Amino acid sequence: MILLNGTSSSGKTSIAEQLMSMLDPPHFHMSVDVINGMRAKEKSLALDPVELPGVLRRTRAGFHRAVAGMAHAGNDVVVDYLFSEPWRLLDCLDVLAGLDVFFVGVRCDLAELERRERARGDRDPGLAAAQLPDVHQHGSYDVEVDTTSASPYDCAIMISDSLALGEPPTAFDRLRTALRSGAAGMVET
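Report on the accompanying structure. (Residues numbered from 1 in each chain as written. Predicted model: local features only at pLDDT ≥ 70, side-chain atom pairs only at ≥ 80, totals over all residues. Heavy atoms only, no water.)

### Thoughts on helix α7 (residues 127-135)
Residues of α7 that are buried: Ala128, Gln131 and Val135. Projection of α7 onto a plane perpendicular to its axis shows the buried side chains occupying an angular sector of 65°, all on one side. Looking at α7, the residues exposed on the side facing more than 90 degrees away from the buried face are Ala130 and Pro133. Its buried side turned inward, α7 meets β1 (2-5) and α6 (110-120). (Buried < 20%, exposed > 50% of the residue type's maximum accessible area, 1.4 Å probe, protein only. Helix = DSSP H or I, 4+ residues; strand = E, 2+ residues; numbered from the N terminus. Arc of directions from axis to C-beta. Contact = heavy atoms within 4.5 Å.)

And the structure:
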């Protein structure tokens, strides 16, 4: 499993699409945006604002378990996600235990994130800026890429080259160890 973590508009989906054309055997691209798109739109828009956080949390927890299910069934997956709330990482550390997770930090500077948001037009302005302080706070990755000036293709090559080294991924194990010892500072649920 390759897990791409970065803010909205950082380039995760574009990198995942490039990886899909490079990797053997064929991989599945799993994105929480696709899961969110499966929810009935008219019902979601009518939700009481008090209900919405619970619905979103259940959606994200379900996504974690869907990713784990695909991987446990022997499928190779590229996951496009963001750890903008500490509980998401904690849940994934638990749910994805026993799986090889190659954890990739997808970084991009704020000015470029804001430019991309404006160009896309399908994100609330300031969304990436709001996510930026939290998404990478855990600090441990197997590899990091920066899409500020590197293309999605170049980032996918960096990830593919890192995978080709054949070293087992260790970031998730390091994070689990740090959490057990209380060193990670991410005990908030």
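### Describing the sheet that holds strand β5 (residues 143-146)
The strand order across the open sheet built from 5 strands is β2-β3-β1-β4-β5, with neighbouring strands paired in parallel fashion. A single partner strand is all that each edge strand has here, and the edge strands are β2 (28-31) and β5. The mean angle between the axes of side-by-side strands here comes to 20°, regardless of whether they run parallel or antiparallel. Pairing of strand β4 (residues 102-107) with β5, which is carried by 4 bridges, proceeds in the parallel orientation. The residue of β5 that forms the bridge with Gly105 is Glu144. (Pairing = 2+ DSSP bridges. Axes fitted to C-alpha atoms, helices over the stretch in contact; angles between N-to-C directions.)

### Examining the pattern of salt bridges
Under the criterion given, the structure shown has 10 salt bridges. Taking the shortest distance from any N to any O, the salt bridge between Arg115 and Glu112 comes out at 2.7 Å. Highlighted residues: Arg115 and Glu112, both in helix α6, separated by 3 residues, approximately one helical turn. Members of the salt-bridge network, linked through shared partners, are Asp33, Arg120, Asp122 and Arg123. (Salt bridge = Lys/Arg side-chain N within 4 Å of Asp/Glu carboxyl O.)

### Comments concerning empty space enclosed by the protein
Applying the stated criterion to the full structure yields 1 cavity of 30 Å³ or more. Space inside the largest cavity adds up to approximately 50 Å³. Every residue lining the largest cavity is listed: Met1, Leu3, Phe63, His64, Val67, Val79, Tyr81, Cys92 and Leu96. Every element with two or more residues in the lining of the largest cavity is listed here: α4 (52-72) and β3 (77-81). With 3 residues, α4 is the largest single contributor of residues to the lining of the largest cavity. (1 Å grid on protein atoms, 1.4 Å probe; cavity = no way out; pocket = protein on both sides within 12 Å on 5 of 7 lines; lining within 4 Å. Points joined across faces, edges and corners; volume = space filled by probe spheres on them.)

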